[in-house]
Amino acid sequence: MPTEGASGSAALSESRRRSILRLMTVTLFVVAGAIHYQTPMLGALALEFGVTAPGWVASCTFGGFLVGMLFVVPLGDRHDRRKLILWHYLGLILALLAAALAPNLALLSLACVGIGLGSSLGQNVVPMTAEYSPAENRARTLGTVLMGMFFGILFARDRKSTRLNSSHGYIS
């Protein structure tokens, strides 16, 4: 893995570097959105599960994110980030599937802990991006990847809430 803008045979080709940059940007878009998808759906979740306060769903998601930040993200400093990110992504996919299939609010909340835990993988993608970037383009590359993260958050909160609210009659 090249570091600090390595040159010569150890450096990645420009086309491969751009492909990796696109992949990391899309990864952060998806991951950042995953942690925020449930927030605009709390009203729909209350109706679906017949509860008045489904706020535990969001709390569990952000609690899982906190646990991931404290205990999983630091593993990227000691272990191969690529493998850690792949395992994180697999865990996030499984947690999202579990949330989609959850028959009650308790199991949905448990799945949301996993979603939060998996969503912390973005905190390992950013330093890995810096490792793959040549020094002269590092700021631009990090800006592009972080733009994917911010767009993921905006998309999850705005697009989903607009679609859900209009389809369930929460807004006139």
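Residues numbered from 1 in each chain as written. Predicted model: local features only at pLDDT ≥ 70, side-chain atom pairs only at ≥ 80, totals over all residues. Heavy atoms only, no water.

A. Fine view of the overall build of the protein chain. Scanning the protein chain from N- to C-terminus turns up seven helices and zero strands. Reading the protein chain from its N terminus to its C terminus gives the helix and strand order α-α-α-α-α-α-α. Counting the 172 residues in the protein chain, one finds 38% classified as buried. Taking the intrachain contacts of the protein chain between residues at least 6 apart in sequence as the baseline, contacts between residues at least 24 apart amount to 78%. Surface exposure of the protein chain reaches about 9900 Å², of which carbon and sulfur atoms provide 66%. (Helix = DSSP H or I, 4+ residues; strand = E, 2+ residues; numbered from the N terminus. Buried < 20%, exposed > 50% of the residue type's maximum accessible area, 1.4 Å probe, protein only. Contact = heavy atoms within 4.5 Å. Areas by Shrake-Rupley, 256 points an atom, 1.4 Å probe, with all protein chains shown as cover.)

B. Inspection of helix H1 (residues 14-34) at higher detail. Taking 1.5 Å per residue, 21 residues should reach 30 Å; H1 reaches 30 Å between its end C-alpha atoms and fits that length. Those residues of H1 not exposed but buried are Arg17, Ile20, Met24, Thr25, Thr27, Leu28, Val31, Ala32, Gly33 and Ala34. (Expected span 1.5 Å × (residues − 1).)

C. Fine view of the environment of Ala32. Mapped onto the elements, Ala32 comes out in helix H1. For Ala32, a relative accessible area of 8% puts it in the buried group. In this structure the C-alpha to C-alpha distance between Ala32 and Phe155, which are 123 residues apart in sequence, comes to 9.5 Å. When residues no more than four places from it in sequence are discounted, the contact partners of Ala32 are Met149, Gly152 and Ile153.

D. Main features of the packing of helix H4 (residues 81-101) against helix H6 (residues 122-132). In contact at an axis separation of 10 Å, H4 and H6 are set at 145° when each is read in the N-to-C sense. Here H4 runs over H6; the crossing is left-handed. In this structure, H4 uses Arg81, Arg82, Leu84 and Ile85 to contact H6, whose residues at the interface are Asn124, Val125, Pro127, Met128, Glu131 and Tyr132. (Axes fitted to C-alpha atoms, helices over the stretch in contact; angles between N-to-C directions. Left-handed = near helix turned anticlockwise from the far one by under 90°.)

E. Here's a closer look at the side chain of Asn124. When you line up the elements, Asn124 lands in helix H6. Residue Asn124 is classed as buried on the basis of its relative accessible area, which comes to 2%. If we skip the residues at most four places from it in the chain, Asn124 touches Val72, Val73, Gly76, Arg81, Leu84 and Ile85.

F. Looking closely at the confidence of the model for the protein chain. The share of residues in the protein chain with pLDDT of 70 or more is 85%, and the mean pLDDT across the chain is 83. In the model, residues 1-10 has pLDDT below 50 throughout and makes 16 contacts with residues more than four positions away in sequence or in other chains. (pLDDT = per-residue confidence, 0-100.)

G. Representation of H6 within the structure. Among the residues of H6, Gly122, Asn124, Val125, Met128, Thr129 and Tyr132 are the ones counted as buried. Within H6, the buried residues cover an arc of 145° as seen down the axis, which keeps them to one side. (Arc of directions from axis to C-beta.)

H. Structural view of the nonpolar core. Formed by 26 residues in total, the largest nonpolar core has its most connected members in Met24, Val57, Leu108, Cys112, Ile115, Val125 and Tyr132. Counting only elements with at least two residues in this core, the list comes to H1, helix H3 (55-72), H4, helix H5 (105-119), H6 and helix H7 (138-168). Ranked by residue count, the leading element in this core is H1, at six residues. Dropping the residues within four chain positions of it, Val57 is found in contact with Gln38, Leu42, Leu45, Leu105, Leu108, Ser109 and Cys112. (Core = buried A, V, L, I, M, F, W, Y, C linked by side-chain atoms within 4.5 Å.)

I. Representation of the environment of Met69 within the structure. In this fold, Met69 is placed in helix H3. The partly exposed category is assigned to Met69, whose relative accessible area is 31%. Counting along the chain gives 51 residues from Met69 to Ser120, while the straight-line C-alpha distance between them is 6.0 Å.

J. Quick peek at a nonpolar patch on the surface. Taken together, the side chains of Leu66, Val67, Leu70, Phe71 and Leu117 present a nonpolar region at the surface, about 480 Å² in accessible area. The leading source of residues in the nonpolar patch is H3, at four residues. Looking at the element boundaries, Leu66 is found in helix H3. (Patch = residues over 30% accessible without salt bridge, like charges linked within 9 Å, V, L, I, M, F, W, Y side chains within 5 Å. Salt bridge = Lys/Arg side-chain N within 4 Å of Asp/Glu carboxyl O.)

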